[in-house]
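Okay, here's what each chain looks like letter by letter:
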Amino acid sequence: MKKIATSLLFSLTIFSLKGQNFIQAYQDRANLVTQTNITTNLQEFSNLGVKTTGSVANGNALAWLKNKYLSYGYSANQIVEDPFTFGSTSSKNLIITKTGTLYPDKYVIICGHFDSITGPGVNDNGSGTSIILEAARIMKDVPTEYSIKFIHFSGEEQGLKGSSHYANTVAYQGSNRVLDIKLVFNLDQVGGKMGNNNNTIYCDEDMGGNPNNTAASVAATQELITCTQLYSPLLTDIDEAEDTDYMPFEAKGEVITGYFEKIRSNYPHTVNDTFANTDPVYIYNVGKASLGALQHFAVAATSLLKTDETKVKNSLESLKIYPNPAKDELYLELPNKVRNFHFEITDLSSRSLFKTENQTKINVSELSNGVYLGIVKTDKEKVVRKILIER
């Protein structure tokens, strides 16, 4: 998590779209980010507990990540554990490599940390973790000119230990550059806070440090801003790049950029950094922006494959549940094609509290104030949404 900065910030206007074109295939893939996957990943991440670097929970989180990539179809030889130590503490980073078609030895790194401190760290940084997982799932079979490394760092909360190890001993050996890195794109604390108007994302810009990469990093951040505006509904602002996992790469002269929430939550580094206090819709929108940007930076194919022609807008993922927060009634708005469905409300431990069939008006007056999961199932699909009851 970055420290609070007092740097000069300014709003960005539509003129920054000049020079970068909208690509329909990029939008279609960005639309494959699902609210269900984001919500499920956040809840599973939360259930792993406090992932302090070197702890059993931290190791369990690493195993959970590996299993996610295997389930997406990545092979074991694409997945590398990168062990490191500091003091008496041992931990591992996780690196997944997808090879590019034209520049297989030049890498776009998309990264974020999975360790937490004090609490389960659902915002800081289950939010970035869940987006990286969605990006890897969707991009699995999409050709890209440049290779992509999906990296999950540990040790961030203890002072960027995992990313420093990787930058200084894997990407570089002394002053010798081992990895040809095109860009480092970091996602940290992009979870928002429930109840805030989370409609703007900070795009991190290199404003100091190593002068050799400043101009290129500023240009990359401008490209990130444009991608955000092209492929997501989010507004953008600029924040100074600092105190997160791209900084060891910045010190080596690499080009960096990233995302960070605009309205800063006060929950990270506390026991209240939980699933209940994050905004999955905000994370979903940051996910769409991230998919657009990753495709741009890695130069993804501009025509769709048969495997990614699914249009989310025609699936159950377009479900709307409102009002949210609710008091006594919920309404379900489903795609026209859906006729038969089951709706269930569970608590956060997956205990079923309410079930119904084919009803779009739901009486929730008997539920206590709190956070629940709403699950809609058909014969072929399942979607999950976070529901708040407030009176």
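The structure we're discussing is the one just above.
Computed from a predicted model, the values in this text were never measured in an experiment. (Residues numbered from 1 in each chain as written. Predicted model: local features only at pLDDT ≥ 70, side-chain atom pairs only at ≥ 80, totals over all residues. Heavy atoms only, no water.)

**Details of the packing of aromatic side chains**
The relative placement of two aromatic rings is captured by the distance of their centres and the angle of their planes.
Right, so step 1: Inspection of the entire model under this criterion finds 15 aromatic pairs.
Right, so step 2: Between Tyr69 and Tyr74, the ring centres sit 5.6 Å apart and the planes meet at 70 degrees, which makes this aromatic pair edge-to-face.
Right, so step 3: Grouping aromatic residues by their ring pairs yields a cluster made of Tyr69, Tyr72, Tyr74 and Phe150.
Right, so step 4: Lying over the aromatic face of Tyr107, Lys149 brings its terminal NZ or CZ to 4.6 Å of the ring centre.
Right, so step 5: Above the plane of the ring of Phe275 lies Lys386, whose end atom (NZ or CZ) is 5.0 Å from the centre. (Phe/Tyr/Trp six-rings, centres within 6.5 Å; stacked < 30°, edge-to-face > 60°. Lys NZ or Arg CZ within 6 Å of the ring centre and 35° of its normal.)

**Description of the packing of helix H6 (residues 214-231) against helix H8 (residues 280-298)**
Right, so step 1: With their axes 8 Å apart at the nearest point, H6 and H8 run at an angle of 130 degrees to one another. Classed by the angle they form, the pair H6 and H8 counts as oblique. Here the hand of the crossing between H6 and H8 comes out right-handed. Residues Ala220, Glu223, Leu224, Cys227, Thr228 and Tyr231 of H6 form the contact with H8, whose own contacting residues are Lys288, Ala289, Gly292, Ala293, His296 and Phe297.
Right, so step 2: Grouping the amino acids of the contact of H6 with H8 by side-chain chemistry returns 7 nonpolar, 3 polar and 2 charged. (Axes fitted to C-alpha atoms, helices over the stretch in contact; angles between N-to-C directions. Helix = DSSP H or I, 4+ residues; strand = E, 2+ residues; numbered from the N terminus. Parallel < 35°, antiparallel > 145°, perpendicular 65-115°, else oblique. Left-handed = near helix turned anticlockwise from the far one by under 90°. Contact = heavy atoms within 4.5 Å. Nonpolar A, V, L, I, M, F, W, Y, C, P; charged D, E, K, R; others polar.)

**Focus on the sheet that holds strand S11 (residues 320-322)**
Right, so step 1: Taken in spatial order, the 3 strands line up as S11-S12-S15 in an open sheet, and their pairing is antiparallel. Every other strand in the sheet has two partners, leaving S11 and strand S15 (361-363) as the edge strands with one partner each. The average angle at which neighbouring strand axes cross in this sheet is 20 degrees, direction not considered.
Right, so step 2: In this sheet, strand S12 (residues 329-333) lies alongside S11 in antiparallel orientation, the contact comprising 3 bridges. Residue Ile321 lies in a different strand from S12, and its bridge partner there is Leu332. (Pairing = 2+ DSSP bridges.)

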